[in-house]
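Report on the structure
Each chain, letter by letter, is given below.
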Amino acid sequence: MKPRTSNWIVRTILTTGISIALATAAASHGAAQAQASGAPFGPDNPFFAESALPFHAPPFDRIKDSDYQPAIDAGMAQQLEQVQKIADNPEPPTFENTIVAFERSSRLLDRVGAAFNCVTHANTDDELQKVQEYEAPRFAAHQDAIQLNPKLFARIKAIYDTRNSLGLDAESLRLVEYDYQQFVKAGANLSEEDKTRLKKLNEEQSTLSATFMNKLQAAAKAGSFSTTNKAALAGLSEEEIAAAAVPAGQSQPQGFVIPLLNTTQQPDFAVLSNRATRQAIYENSWNRTERGDANDTRATIASLAQLRAQKAALMGYPNFAAWNLTDQMAKTPEAAINFIDALVPAATARAKREGDDIQAVIDSQHAGFTLEPWDWEFYAEQVRKARYDLDESQIKPYFELNNVLENGVFYAAHELYGLTFKERHDLPVYQSDVRVFEVFDADGSPMALWYCDYFKRDNKNGGAWMDQFVSESKLLGQKPVVFNVANFAKPAPGQPALLSFDDVTTMFHEFGHALHGMLADTQYPSLSGTQTPRDFVEFPSQFNEHWASYPAVFDHYAKHSKTGEPMPAELKAKIEKSKTFNQGYDMTEILAAARLDLCWHTLPASAPLQDPDAFEKDALEKTHLALHAVPPRYRSSYFLHIWEEGYEAGYYAYSWTEMLDDAAFQWFLDHGGMTRANGDRFRRMVLSRGNTEDLEKMYETWLGSKPSIEPMLKSRGLTPDGAR
Ligand SMILES: [Zn+2]
């Protein structure tokens, strides 16, 4: 079992002009010249008016690829016009005519941006990629034009300076402080000359991020493992081999293809018995973006790191992380670094012991080699079997996707928050695998729509994430429309989708983000739901994972897909016991990635352009995370989170929020477990509150104390006396 190590991404959408939409990605250098479509924007465009569908759901039955670019261009123009009106208002600045008006300024851009972000990440194609590359720098310039508008900032500053005498309610006061902080962070206090430099840096950064993602997507595709030799796939089930078979009539040669996921380790390593196959797939993975070809990202990331350091220097900060963490819960890079470093000794000591156990198995089989990264999962599986007699193939029949969803994920949300769900087949979707559910509150009132898009496709980014088509806001009269995307193996036709427990955990995780969005009960879209700092936003999702193995929930969904029999107690006990298994590896690979991120983003502006391979090696060595058999979860050159996904100087947040969620779950256990009273209290004090108050205060008021790393180490068996 490897809960907590899926690729968890939550994306923020552009609910206002100043949140970060990341309209990014796409084609190689030349294609950046993609031209403006020149297509007119009028009532025929499906984004022209607010969607007439329930909950203002996107009308995907009417949306064509060619509709996005004119709508995005018009959305930016409309917002600029609105913002200029606010800035030029002859009336003195008030909360209503400035702050609230600004909240209302991006309706069209939100509509199209949310749908565009969804399809470019979950269902992309060449045309969308071209639009993405074309719009990325324009969107960055658009954000700058707003955030660096001196007249708008002067009005916001005037309100900020008098905020305590305006009689504002707490949420409105928070919004004033939030807007001011975001503008200052974006450079609103800079001189005109420095603002011009900043705009240029932002545009360059945006283009480089887009180039990075485009190269990475192409590299991942090119890095698929292909073979015509079925024996090379020994260890995969017949169903898995059938799913890997290239369908007849494809342009590819007949045979089998194993696509790359975006992590260093690949899930099939646990079962592939052919060592040469594992090594070949591993090398495809590790070197995917370092082949010296058009998809090599090393020069791109070195430039990105340097640009970001220069940007921080312009803002008056010693490095990018120092600037970027000002609005986070951790506040400084030192706090993040100290937190990560405190976990390193326990994690690496455990990983080394796990490596010794694996080497012992290899030696006992007289295999005659030293443990390599591509061996870890395969032999760990044997250690696991020897120690727990636990075999993934024994478990999977109890985790059929739909059953996990209805009787696990939905059930827990019902028991905790009173929610119910009903599938709708009348709403259009962007791809035929996507499903839509209407969500009802405890009193039966319609509350939200929730979409899921669970199966892997080669035009979908790796990992799993949540995002929104419509975010909750009482001001705008909007109820949330939220979606979850994952990359579970699609079963061969007619077969049930059987999940690993890791996949099950991912479903609960992403649904935790969805709950954060759907239970939002706030006035302003900028502060709603998941619009929280990175080092808070993973807390509700990771917290929701705990219910996957909570006995009353687990027993409700873990039933055999053919017989309906509950999982035998003995097997259940083994899953429970094996939870702390391999946690040294799991935590070390994540700490290594987090530390790499912080090393890249604490470079001063004066540092020369780095050689990524040398930099990476040095960074891992000096932070005591250079374990030969435990590579970082993402190598620098394919670390999507930090070069494109908005997690730069923020990957530590996954571990930071684990500290928060372990302490939170312990609170539930100490107060009677899964009850409506506990769920409603959590909903009222945390889940519904978004970013409407200081998050440290919100959390500690709910918990009744400060969080520590102890429950986190304990729950992973990483304390000195922890179970192996
Ligand atoms: Zn997440």
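Residues numbered from 1 in each chain as written. Predicted model: local features only at pLDDT ≥ 70, side-chain atom pairs only at ≥ 80, totals over all residues. Heavy atoms only, no water.

**Thoughts on the confidence of the model for the chain**
Overall, the prediction assigns the chain a mean pLDDT of 91, with 94% of residues at 70 or greater. Long-range and interchain partners of residues 1-34, a stretch whose pLDDT sits below 50, account for 160 contacts in this model, where long-range means more than four residues apart. (pLDDT = per-residue confidence, 0-100. Contact = heavy atoms within 4.5 Å.)

**Focus: the nonpolar core**
Counting 148 residues, the largest nonpolar core has Phe399, Trp450, Phe508, Phe511, Met518, Trp547 and Tyr557 as its most contacted members. Counting residues in hydrophobic clusters, the runner-up holds 33 residues, among them Phe55, Ile72, Phe139 and Trp465. (Core = buried A, V, L, I, M, F, W, Y, C linked by side-chain atoms within 4.5 Å. Buried < 20%, exposed > 50% of the residue type's maximum accessible area, 1.4 Å probe, protein only.)

**Re the coordination of the zinc ion**
The coordination sphere of the zinc ion, as far as protein atoms go, consists of His509 (NE2), His513 (NE2), Glu538 (OE) and Glu538 (OE), spread over 2.0 to 2.8 Å. Classification of the site at the zinc ion as irregular follows from its four donor atoms and the range of 51 to 143° in their angles at the metal. We note that the donor set of the zinc ion lies within a single chain, spaced as H-x3-H-x24-E. A residue pair is termed long-range when its members are at least 10 positions apart, and His509 in helix 16 (residues 501-518) and Glu538 in helix 17 (residues 534-545) qualify at 29 residues. With respect to burial, His509 and Glu538 carry one shared label: buried. (Donors = N, O, S within 2.8 Å, 3.2 Å for Na, K, Ca; no water. Tetrahedral: all angles 85-135°; square planar, octahedral: opposite > 155°, others 65-115°. Helix = DSSP H or I, 4+ residues; strand = E, 2+ residues; numbered from the N terminus.)

**Observations concerning unusual backbone geometry**
For Phe55, which is not glycine, the phi torsion reads 60° and is therefore positive. You can call Phe55 buried: its relative accessible area is 15%. Backbone geometry places Lys331, a non-glycine residue, at a positive phi of 70°. With respect to the helices and strands, Lys331 occurs in the loop between helix 11 (320-324) and helix 12 (333-364). Exposure remark for Lys331: the relative accessible area of 41% places this residue in the partly exposed category.

**As for the packing of helix 12 against helix 20 (residues 583-600)**
The interhelical angle for the contact between helix 12 and helix 20, taken along N-to-C directions, is 145°, at an axis separation of 8 Å. For the element pair helix 12 and helix 20, the recorded crossing hand is left-handed. Packed against helix 12, whose contacting residues are Ala336, Ile337, Ile340, Asp341, Leu343, Val344, Ala347, Thr348, Arg350, Ala351 and Glu354, the element helix 20 presents Gln583, Gly584, Tyr585, Met587, Thr588, Leu591, Ala594, Arg595 and Leu598 at the interface. (Axes fitted to C-alpha atoms, helices over the stretch in contact; angles between N-to-C directions. Left-handed = near helix turned anticlockwise from the far one by under 90°.)

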